[in-house]
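Topology and contacts: notes
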Amino acid sequence: MEIKRDKYLFKLIDSKNDGLVKIITGIRRCGKSYLLFELFYKHLLENGVKNENIIKFAFDNDEDIDKLDNYCNEESTKIYLDKGKRKYIVNSKKFRAYLSDITNASDNCYILLDEVQLLQDFVGTLNALSRHNNFDIYVTGSNSRFLSNDVASEFRARGEQIRINPLSFKEFFDAHKLSFEDAYKEYQFFGGLPYISKIGNDDKKAEYLKEVFDQLYIKDLLDRYEISSVNSFNKLIDILSSSIGSYTNPTNLENVFKSSLKISYHHDTIANHIQYLKEAFLIKEAVRYDVKGKKYVASNSKYYFTDLGLRNVRLNFRQQEPTHIMENIIYNELIIRGFNVDVGIVEKRELNEKGNGIIKQLEVDFVCNQNNKRYYIQSAYSINDEDKKNKELRPLLSIKDNFKKIVIINDNFKPWIDDNGIYYISLKDFLLDEKSLD
């Protein structure tokens, strides 16, 4: 099964020979190595680059490391202790000598490096290599430091971050010979990590997701940040997993731990731990935005999982709320399409039963901005009755600007626009057509 990642491949192609280190980041197991070593490598060959001018090196591959043995009178790898655990790191001096020997200064060379965090002083080494005018460098990494949002800043303006996500629904759908309905059921349950598509057995899919979550993410975060409150940290992840699309904040979560779980867990610590999960790209935060006041409201946020399969396995697949899962899928799709996504609030003055004026806050699921575009979007699993329809439309009708207002519905119908200018589109059309909002 070939899975196309054209969106990210084109980004790499557009960045060729721009003098920057291309730093491919993203959630673990989302296909970074495949993108670089398979798809981009194939593109280079098909566009006339000689194979000897493409250097592929994986720092977790013994065969590649053995290539360094004849360079410099030092060990290729060094064993060191990291928080009492034995780890190894590849000698950067030997690696630079190896590159110098196999590359020709008169030819442009494409350097493709995988698991680069295992290279000694990888930031300094890559900064030094980027000064070679004939080197065009592309790297991936997978520990929590390398996954951090600000890793590009360590490259002193010599780095360019290219973020890769798990499979979008369209990528998932195109790779499988399934109906939309069957593909959606699979996607909302097991998510979009590419390797899932190669596993035929549901039990093995669940085992794979659990292994990735527990051994690659949680273990790495606990080790890197030396988190002592392991039990609280795990319960925090459980709470965020079970409340996707719901408002919360660290203070509210502190109160939940205190009142329901009888655990003391300070809101500052909770905020830090949420930040760790965000930096590892496990979750994303949508901040409240006051549409009329044109300002952010910092009191509450919503959190969504970058991959629903990881979220679901965390809960042992117990909570399968179709409305919240659909909302998470729409949010992820908007992020993949390059939008900045907030949660909108609209204040509206209404009369209560006694005839007194009160201010009500109405919610817009997503306020999406991209360059000069803005869309207001409601995620509606169904609007078959008038009460549901009115609930979804009230916030949109209360916004008086001229940006496009959209309702995405989990029904199969042709897109249409009502008398108020609100655009209705099916979830299927939205997910399968990247231009569907235009």
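As shown above, the structure is provided for reference.
Let me begin by describing the structure that accompanies this report.

Reading guide: rules and limits
Residues numbered from 1 in each chain as written. Predicted model: local features only at pLDDT ≥ 70, side-chain atom pairs only at ≥ 80, totals over all residues. Heavy atoms only, no water. Helix = DSSP H or I, 4+ residues; strand = E, 2+ residues; numbered from the N terminus. 1 Å grid on protein atoms, 1.4 Å probe; cavity = no way out; pocket = protein on both sides within 12 Å on 5 of 7 lines; lining within 4 Å. Points joined across faces, edges and corners; volume = space filled by probe spheres on them. Nonpolar A, V, L, I, M, F, W, Y, C, P; charged D, E, K, R; others polar. Expected span 1.5 Å × (residues − 1). Buried < 20%, exposed > 50% of the residue type's maximum accessible area, 1.4 Å probe, protein only. Phe/Tyr/Trp six-rings, centres within 6.5 Å; stacked < 30°, edge-to-face > 60°. Lys NZ or Arg CZ within 6 Å of the ring centre and 35° of its normal. Pairing = 2+ DSSP bridges. Contact = heavy atoms within 4.5 Å. Axes fitted to C-alpha atoms, helices over the stretch in contact; angles between N-to-C directions. Parallel < 35°, antiparallel > 145°, perpendicular 65-115°, else oblique. Left-handed = near helix turned anticlockwise from the far one by under 90°. Salt bridge = Lys/Arg side-chain N within 4 Å of Asp/Glu carboxyl O.

The topology assignment puts Asn73 in the loop between α3 (62–66) and β3 (77–82). Here the alpha-carbon distance between Asn73 and Lys94, two residues 21 residues apart in the chain, equals 8.6 Å.

Here we come to empty space enclosed by the protein. Applying the stated criterion to the full structure yields one cavity of 30 Å³ or more. Of the voids in this model, the largest cavity is the one considered here, and its volume is about 120 Å³. With four residues, the single largest contributor to the lining of the largest cavity is helix α14 (residues 322–336). Broken down by class, the residue content of the lining of the largest cavity amounts to seven nonpolar, five polar and two charged.

Now for α14. Taking 1.5 Å of rise per residue, 15 residues should cover 21 Å, and α14 covers 21 Å from first to last C-alpha, within 8% of that figure. For α14, the set of buried residues is Ile325, Met326, Glu327, Asn328, Ile329, Ile330, Tyr331, Asn332, Glu333, Leu334 and Ile336. The positive-phi residue at the C-terminal boundary of α14 is Gly338, with phi of around 95°.

Before going further, it helps to examine the packing of aromatic side chains. The final tally for this structure, using the stated rule, is 25 aromatic pairs. The interplanar angle of 65° and the centroid separation of 5.7 Å between the aromatic rings of Phe190 and Phe317 together place this pair among those described as edge-to-face. Taken as a pair, Phe190 in helix α8 (residues 180–190) and Phe317 in the loop between α13 (308–314) and α14 lie far apart in primary sequence, 127 residues in all. Across this residue pair, the class does not change: Phe190 and Phe317 are buried. Site record: aromatic cluster; members linked through ring pairs are Phe169, Phe172, Phe173, Phe180, Tyr184 and Tyr187. The lysine or arginine in question, Lys56, covers the ring of Phe37, its NZ or CZ lying 5.5 Å from the ring centre.

Of all five residues in strand β2 (residues 54–58), four are buried; the element is thus mostly enclosed. Relative to strand β5 (residues 109–114), β2 runs parallel, the two being bridged by five bridges. Residue pairing in the sheet places Lys56 in a bridge with Leu112 of β5.

Moving on: the pairing of strand β1 (residues 21–25). Counted residue by residue, β1 has five buried out of five residues, so it is predominantly covered. Across five bridges, β1 lies against strand β7 (residues 159–163) in parallel orientation. Pairing of Thr25 across the sheet is with Arg163, part of β7. One ladder, built from three bridges, connects β1 with strand β6 (residues 135–140); its direction is parallel.

On to the side chain of Ser382, then. Mapped onto the elements of the fold, Ser382 is located in the loop between β12 (373–380) and α15 (386–397). Apart from the residues lying within four places of it in its own chain, the contact partners of Ser382 are Lys388, Ile409 and Asp411.

Glancing now at the packing of helix α1 (residues 6–14) against helix α2 (residues 32–46). Two measures define how a pair of helices packs: the angle their axes make with one another and the distance between the axes. Between α1 and α2, the least distance of the axes is 10 Å, while the angle of their chain directions is 60°. As far as their axial angle goes, α2 and α1 are oblique. Here the hand of the crossing between α1 and α2 comes out right-handed. The segment α1 lies against α2, with Tyr8, Leu9, Leu12 and Ile13 engaging Leu35, Leu39, Phe40 and His43. Among the residues making up the contact of α1 with α2, the classes are represented as seven nonpolar, one polar and no charged.

Glancing now at the pattern of salt bridges. Evaluation of the coordinates by the stated rule reveals 19 salt bridges. Asp136 is the salt-bridge partner of Lys22, the closest N and O atoms lying 2.5 Å from each other. Of this pair, Lys22 sits in strand β1 while Asp136 sits in strand β6, placing them 114 residues apart in sequence. Of the charged contacts, one joins Lys205 and Glu186 as a salt bridge, the two residues approaching to 2.2 Å between their closest N and O atoms. Highlighted residues: Lys205 in helix α9 (residues 202–225) and Glu186 in helix α8, separated in sequence by 19 residues.

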